[in-house]
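What follows is the residue order along each chain.
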Amino acid sequence: MNDASFKQSYSKWVSFKSGVRDMLPLSLAVIPWAIMAGSLAMTAGLSIGQSIAMSALVFAGAAQIMSLSMLMADASSMSILITIFFMTTQHYIYSLSLRNDLQKYSGLQRVSLGFLLTDELYAISELYPHRSYSYLIGAGFSFYMIWVIFSILGIFFTFLISDLSSIHLDYSIVAIFLVMAVFLIKNMQGIIAVCISVIFAFIFTWFEIQSGLIFASLIGMAVAAILDKEEE
């Protein structure tokens, strides 16, 4: 290997490690969620092989948990498909947002990043724009491995702990999105929008308004858009 090839390979390795490092806080935050997804798959009646395959091939935390919950409630296959389709539509927006940055990569590279694209990887790409393919693969692949490994751990925890839901691992869903929200708040408009969303969330919850959290989120996003337009 000549000096140029060695330097290029070393540069890619450094970028890969940087991606792993920057994704580490989110990777640690997703561990309880992964354990919960693995245990829920077993509770829903899937075999060990099916449970592992679901985490390894589907790789969609909220979608996995929702589909398993609906499966346990005897929902039809069509209703599960429709629900999961609308639940994951944000990935189309992510793809459109990243399209210009990723079109320079080969088809195989784009497919690999598409498989690894999660809310967390998109958040990292927004925090550190114009990063290389090696960086994005490092961030995405390390998150994927944490998810699969701890999902498998959750599968085997079902044989050791009779009621894993009593540990309340579902708090991790809130924790990981809270971490991403903090990462992505870059200016005063974002802070104001978050505060308004929180205030309306408390108000709607107090008055027991159904879907209040969704309405509070939409109000916050509308405020952020208005403030951003005013600044422009």
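The rules behind the values
Residues numbered from 1 in each chain as written. Predicted model: local features only at pLDDT ≥ 70, side-chain atom pairs only at ≥ 80, totals over all residues. Heavy atoms only, no water. Core = buried A, V, L, I, M, F, W, Y, C linked by side-chain atoms within 4.5 Å. Buried < 20%, exposed > 50% of the residue type's maximum accessible area, 1.4 Å probe, protein only. Helix = DSSP H or I, 4+ residues; strand = E, 2+ residues; numbered from the N terminus. Contact = heavy atoms within 4.5 Å. Axes fitted to C-alpha atoms, helices over the stretch in contact; angles between N-to-C directions. Parallel < 35°, antiparallel > 145°, perpendicular 65-115°, else oblique. Left-handed = near helix turned anticlockwise from the far one by under 90°. Nonpolar A, V, L, I, M, F, W, Y, C, P; charged D, E, K, R; others polar. Phe/Tyr/Trp six-rings, centres within 6.5 Å; stacked < 30°, edge-to-face > 60°. Lys NZ or Arg CZ within 6 Å of the ring centre and 35° of its normal. Polar contact = N/O pair within 3.5 Å; in protein donor to acceptor, adjacent residues only side chain to side chain. Patch = residues over 30% accessible without salt bridge, like charges linked within 9 Å, V, L, I, M, F, W, Y side chains within 5 Å. Areas by Shrake-Rupley, 256 points an atom, 1.4 Å probe, with all protein chains shown as cover. Salt bridge = Lys/Arg side-chain N within 4 Å of Asp/Glu carboxyl O.

Colleague: Explanation requested: the nonpolar core in the structure shown.
Modeller: The nonpolar side chains of a soluble globular protein tend to be buried with one another. Of all hydrophobic cores here, the largest spans 34 residues; its most connected members are M23, L68 and W147. Looking at this core, the elements that each hand over two or more residues are α1 (3-29), α2 (31-43), α3 (48-58), α4 (61-72), α6 (90-102), α7 (107-116), α8 (119-127) and α9 (133-157). In terms of residues, this core owes the most to one element, α9, which gives eight residues. Each residue touching L68, except ones within four places of it in the same chain, is listed here: A37, L40, A41, A44, L46 and M54.

Colleague: Mind showing me how you'd approach the packing of α3 against α9 here?
Modeller: Between two packed helices, what matters for the description is the angle formed by their axes and the separation of those axes. Running from amino to carboxyl end, α3 crosses α9 at an angle of 155°, the nearest separation of the two axes being 9 Å. One finds that α3 runs roughly antiparallel with respect to α9. Of the two elements, α3 crosses α9, and the hand of that crossing is right-handed. Touching I48, S51, I52, S55 and A56 of α3 are Y144, W147, V148, S151, I152, I155 and F156, all from α9. Taken together, the residues that form the contact of α3 with α9 break down as nine nonpolar, three polar and no charged.

Colleague: Hey, could you run me through the packing of aromatic side chains in this one?
Modeller: Both the distance between ring centres and the angle between the ring planes are used here to describe each pair of aromatic rings. As enumerated under the stated definition, the model contains twelve aromatic pairs in all. Between the aromatic rings of F59 and F143, the centroid separation amounts to 6.3 Å while the plane-to-plane angle is 55°, which identifies the pairing as tilted. Residue F59 is located in the loop between α3 and α4, and its partner F143 is located in helix α9; the two are separated by 84 residues in the primary sequence. Its relative accessible area of 4% is what places F143 among the buried residues. One aromatic cluster is present, built from ring pairs that chain together F59, F115, F141, F143 and Y144. The residue whose ring lies beneath R131 is Y135, and the NZ or CZ to ring-centre distance is 4.6 Å.

Colleague: What should I look at first to understand the environment of W147 in this one?
Modeller: Relative to the helices and strands, W147 resides in helix α9. Look at W147 and you get buried, because its relative accessible area is 2%. Distance from W147 to W33, taken between C-alpha atoms, is 8.4 Å for residues 114 residues apart in sequence. Setting aside chain neighbours within four positions, we find W147 in contact with V30, W33, A34, A37, S55, F59, G61 and Q64. There is a polar contact of 3.4 Å between the side chain of W147 and the side chain of Q64.

Colleague: Is there a simple way to explain the packing of α7 against α9 in this structure?
Modeller: One can describe the packing of α7 onto α9 by two numbers: an axis separation of 9 Å at closest approach and a directional angle of 35°. With respect to the hand of their crossing, α7 and α9 are arranged in left-handed fashion. Here α7 contributes Q109, S112, L113, F115 and L116 to the contact with α9, which in turn contributes Y133, L136, I137, G140, F141 and Y144. Taken together, the residues of the contact of α7 with α9 sort by class into eight nonpolar, three polar and no charged.

Colleague: How should the side chain of S39 be read in this particular structure?
Modeller: Turning to its location among the elements, S39 is positioned in helix α2. A distance of 2.9 Å separates the side chain of S39 from the backbone oxygen of M36, its partner in a polar contact.

Colleague: Could you clarify how one ought to interpret a nonpolar patch on the surface in this entry?
Modeller: Where nonpolar side chains cluster on the molecular surface, the patch consists of I199, I203, W206, F207, I209, I214, F215, L218 and M221 and spans about 990 Å² of accessible area. Those elements giving two or more residues to the nonpolar patch turn out to be α11 (188-206) and α12 (212-231). With four residues, α12 is the largest single contributor of residues to the nonpolar patch. When you line up the elements, I214 lands in helix α12.

Colleague: Whenever I open this one, unusual backbone geometry confuses me. Can you help?
Modeller: Only a minority of non-glycine residues have a phi that is not negative, and only a minority of peptide bonds are not trans. Phi angles above zero are rare outside glycine, and F59 is one such case at about 50°. In this structure, E208 is a non-glycine residue whose phi angle is positive, near 55°. When you line up the elements, E208 lands in the loop between α11 and α12.

No statement about biological role is implied by the geometric values presented.
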